Number of protein chains: 2
Amino acid sequence: MDWKDLLKRRESCRVYRDQPVPRTVLDELVKEALQSPSGCNAQPWRFLIVDDPQAKKRLVEALDDDGLTGCPWGDTVPAFIVISELKATLKPKVAERYDSQKFAQMDIGMAAMTICYAAADMGLGSCMIGTFHEKKLREALGIPDEAKPRLIITLGYDGVGHPPRAKIRRTFAEACGHNHW
Amino acid sequence: MDWKDLLKRRESCRVYRDQPVPRTVLDELVKEALQSPSGCNAQPWRFLIVDDPQAKKRLVEALDDDGLTGCPWGDTVPAFIVISELKATLKPKVAERYDSQKFAQMDIGMAAMTICYAAADMGLGSCMIGTFHEKKLREALGIPDEAKPRLIITLGYDGVGHPPRAKIRRTFAEACGHNHW
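Throughout this document, residue positions are counted from 1 along each chain, in the order its sequence is written. Here the convention is simple: chains get letters from A, ligands get numbers from 1, in the order in which they are written. This being a predicted model, a pLDDT of at least 70 is required before a residue's local features are given, and a value of 80 or more before pairs of side-chain atoms are given or counted; all residues contribute to the totals for chains, interfaces and linings. Each side-chain value is derived from all of the structure's non-hydrogen atoms; neither hydrogens nor water enter the calculation.

1. Points about the interface of chain B and chain A
- Contacts are residue-level and defined by heavy atoms, with any inter-residue pair within 4.5 Å sufficient. Contacts between the two partners involve 77 residues from chain B and, on the opposite side, 77 residues from chain A.
- Using a 1.4 Å probe, buried area is obtained as the accessible area two parts lose upon being combined, added over both of them. With both chains or domains summed, chain B and chain A bury close to 6900 Å², and 56% of this area falls on carbon and sulfur atoms.
- The three residues of chain B that bury the most area against chain A are B:W3, B:N179 and B:W181, which together make up 14% of that side's buried surface.
- When a carboxyl oxygen of Asp or Glu is within 4 Å of a side-chain nitrogen of Lys or Arg, the pair counts as a salt bridge. Viewed at the interface, chain A and chain B are joined by 6 salt bridges.
- One salt bridge in this structure joins A:K4 and B:E32, with 2.4 Å as the shortest N-O distance.

Here it is as structure tokens:
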């Protein structure tokens, strides 16, 4: 899909058709995410595709963080991709100066953004979920202590079928300056 | 440009033609970035377009963090976009549970990624720079204490003209699991 159309098409999708997403499509999303840049090309990320009914059930239970959930519609989601942060190996001179994880959360945001554009390109809706019960999510997917789960992306074919919504955002004038704050 | 072509075309560009980027094009990059998602739609970001020679000179001096620089070619860059993190206003129930900045760095990564795809779509090269002398950068652009500069994106027309390089990345098998770590 053309970039400008993709930019309009990409939105947070919370209503999915009851239709599985082929494993090959989910794999392709991660393959495209791997093309994203990262600080010192450290790639401090691991992706987990979750499409098995039992694994999805465990993940959905972890979407509730003691009563708080950004994804109450979790049990209707055809597939998830969970992104965890790994220890980053930066270039030696950068590692001397900065903490190893200085860029890692931005890197993960970049890869996640790529997944959502790639999903839109393949006709899929997506939504980024940052709230979850970390301990339950770790147990659900066997995420080890040395990794930190950061984002869950929900994926599936759009069940609404409406044209993309207008996005509610601050205006350009509010959010951007030229040459000085 | 079609998404798959854009994905190949987007790469870190460090050699630029000596050709200014029109202000309207730079503004459009930020307008597209503003379409990016963020936790609770908080949009915890401010963009600064830097294309004035004097402002660029001050910014370029801040690229050197006491002898460390990820951008020694800074004085050949036609324009920059600096992204700073703002205090995020999360939804009340989310704000009760999590720190206000929990999602902010990922949000900034998402917006930065969008800028780089948008740039590639408009025939521009880009490179994300995360290393800089924070105090000098703040002084150069008047970034106030309540904001945190996170990323500098360099922008210009590609001065190399070669086809996109093959990206060096971990393999899919190394970076991705299915249903369990």
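2. Some remarks on the packing of helix α2 (residues 23-33) of chain B against helix α5 (residues 104-121) of chain B
Residues and elements named next belong to chain B.
- In this analysis, axes come from line fits to C-alpha atoms, helices being fitted only over the stretch in contact, and the angle between any two N-to-C directions falls in the range 0 to 180 degrees. Helix and strand labels come from DSSP, where a helix needs a run of H or I of at least four residues and a strand needs a run of E of at least two; each type is numbered from the N terminus. Two numbers describe how α2 lies on α5: the axes approach to 8 Å, and their chain directions differ by 135 degrees. Taken together, the axes of α2 and α5 lie oblique to each other. Crossing of α2 against α5: the hand is right-handed. Listed contacts from α5 to L29, E32 and A33 of α2 are A111, T114, I115, A118 and A119. What sets the label is the angle itself: under 35 degrees gives roughly parallel, over 145 gives roughly antiparallel, 65 to 115 gives roughly perpendicular, and the rest give oblique. In a left-handed crossing the near helix is turned counterclockwise from the far helix by less than a right angle, and in a right-handed crossing that turn is clockwise.

3. Considerations on the confidence of the model for chain A
- Per-residue confidence for chain A gives a mean pLDDT of 97, with 100% of residues at or over 70.
- Scoring of the predicted complex yields 0.98 for pTM and 0.98 for ipTM. Every residue gets a pLDDT, meaning the predictor's confidence in that residue, from 0 to 100.

4. A few points about the nonpolar core
- A:W3, A:F47, B:W3 and B:F47 are the most contacted members of the largest nonpolar core, which totals 88 residues.
- Once you skip the residues sitting within four places of it in the chain, A:W3 turns out to touch A:Y117, B:M1, B:W3, B:L6, B:E32, B:T114, B:Y117, B:A118 and B:D121. To form a nonpolar core, buried Ala, Val, Leu, Ile, Met, Phe, Trp, Tyr and Cys residues must be joined to one another through side-chain atoms within 4.5 Å. Each residue gets one of three labels from its accessible area relative to the maximum for its type: buried under 20%, exposed over 50%, partly exposed in between, using a 1.4 Å probe on protein chains only.

5. Some words on the relation of the copies chain B and chain A
- Taken as rigid bodies, chain B and chain A are interconverted by a rotation of 180 degrees and an axial shift of 0.0 Å, the fit giving an RMSD of 0.0 Å. Read as a symmetry element, the transformation amounts to a two-fold axis.
- The residues that chain B uses at the interface reappear at the interface of chain A in 100% of cases, marking a shared surface. The atoms used to superpose the copies are C-alpha atoms, taken from residues with pLDDT of at least 70 in both, and the fit is least squares.

6. Digging into the sheet that holds strand β3 (residues 124-129) of chain B
- A pair of strands is considered paired only if DSSP assigns at least 2 bridges between the two. One open sheet accounts for 5 strands, arranged β5(A)-β1(B)-β2(B)-β4(B)-β3(B); its pairing is mixed. One side of each edge strand has no neighbouring strand; the edge strands of this open sheet are β5 (176-178) of chain A together with β3 of chain B. On average, adjacent strands in this sheet sit at an angle of 20 degrees to one another, irrespective of strand direction.
- For strand β2 (residues 79-85) of chain B and strand β4 (residues 148-157) of chain B, the ladder comprises 7 bridges, and the chain directions are antiparallel. Considered in β4(B), the bridge of B:F80 is made with B:T154.
- Lying over the sheet, α2(B) contacts β5 of chain A together with β1 (45-50), β2, β3 and β4 of chain B, oriented at roughly 165 degrees with respect to β1(B).

7. Quick notes on the environment of A:I49
- Mapped onto the secondary structure, A:I49 falls in strand β1 (residues 45-50).
- The class for A:I49 is buried, based on a relative accessible area of 0%.

8. Description of the environment of B:T131
- As for its placement among the helices and strands, B:T131 is situated in the loop between β3 and α6 (134-141).
- The class of B:T131 is buried, set by a relative accessible area of 7%.
- Expressed as a C-alpha distance, the spacing of B:T131 and B:L151, which sit 20 residues apart in the sequence, is 7.9 Å.
- For B:T131, the contacting residues outside a window of four places in its chain are A:V94, A:Y98, A:F103, B:L63, B:L68, B:T69 and B:G70.
- Polar contact criterion, stated in full: a pair of N or O atoms within 3.5 Å, where within protein one must be able to donate a hydrogen and the other to accept it, and residues adjacent in sequence count only if both atoms are side-chain atoms. One polar contact links the side chain of B:T131 to the main-chain amide nitrogen of B:G70, over a distance of 3.1 Å.

9. Section: the packing of aromatic side chains
- Two rings from Phe, Tyr or Trp (for Trp, the six-membered ring) form a pair when their centres are within 6.5 Å of each other. A pair whose planes differ by under 30 degrees is stacked, one over 60 is edge-to-face, and the rest are tilted. Under the defined criterion, the tally for this structure stands at 11 aromatic pairs over all chains.
- Between A:Y98 and A:F103, the ring centres sit 6.1 Å apart and the planes meet at 75 degrees, which makes this aromatic pair edge-to-face.
- Each member of the aromatic cluster is reached from another via a ring pair, and the members are A:W3, A:Y117, B:W3 and B:Y117.
- In this analysis the charged atom, NZ for Lys or CZ for Arg, is taken to sit over a ring once it is within 6 Å of the ring centre and within 35 degrees of the ring normal. Its guanidinium or amino end placed over the ring of A:F172, B:K31 lies 5.0 Å from that ring's centre, counting from NZ or CZ.
- Here the basic side chain of B:R46 rests over the ring of A:W181, its NZ or CZ set 5.2 Å away from the ring centre.

10. Focus: the pairing of β1(B)
- Extensive coverage of β1(B) is indicated by the burial of 6 of its 6 residues.
- Burial along β1(B) is two-sided: the face carrying B:W45, B:F47 and B:I49 and the face carrying B:R46, B:L48 and B:V50 are both buried.
- Pairing geometry for β5(A) and β1(B), over 3 bridges, is parallel. What sits directly across from A:H178, in β1(B), is B:I49.
- Bridge analysis of β1(B) against β2(B) gives 6 bridges, and the strand direction is antiparallel. Counted as the bridge partner of B:I49 is B:I81 from β2(B).

11. Remarks on the UniProt feature "domain: Nitroreductase" (unreviewed entry) in chain A
Residues and elements named next belong to chain A.
- Following the UniProt record, the feature "domain: Nitroreductase" (unreviewed entry) maps to residues 7-63 and 72-157 here.
- Within the segment residues 7-63, helix and strand shares are 42% and 11% respectively, and the terminal C-alpha atoms sit 27 Å apart.
- Measuring from the first to the last C-alpha atom of residues 72-157 gives 18 Å, for a span that is 37% helix and 27% strand. UniProt positions are given in the numbering used here, feature names are shortened, and annotations may be inferred rather than shown by experiment.

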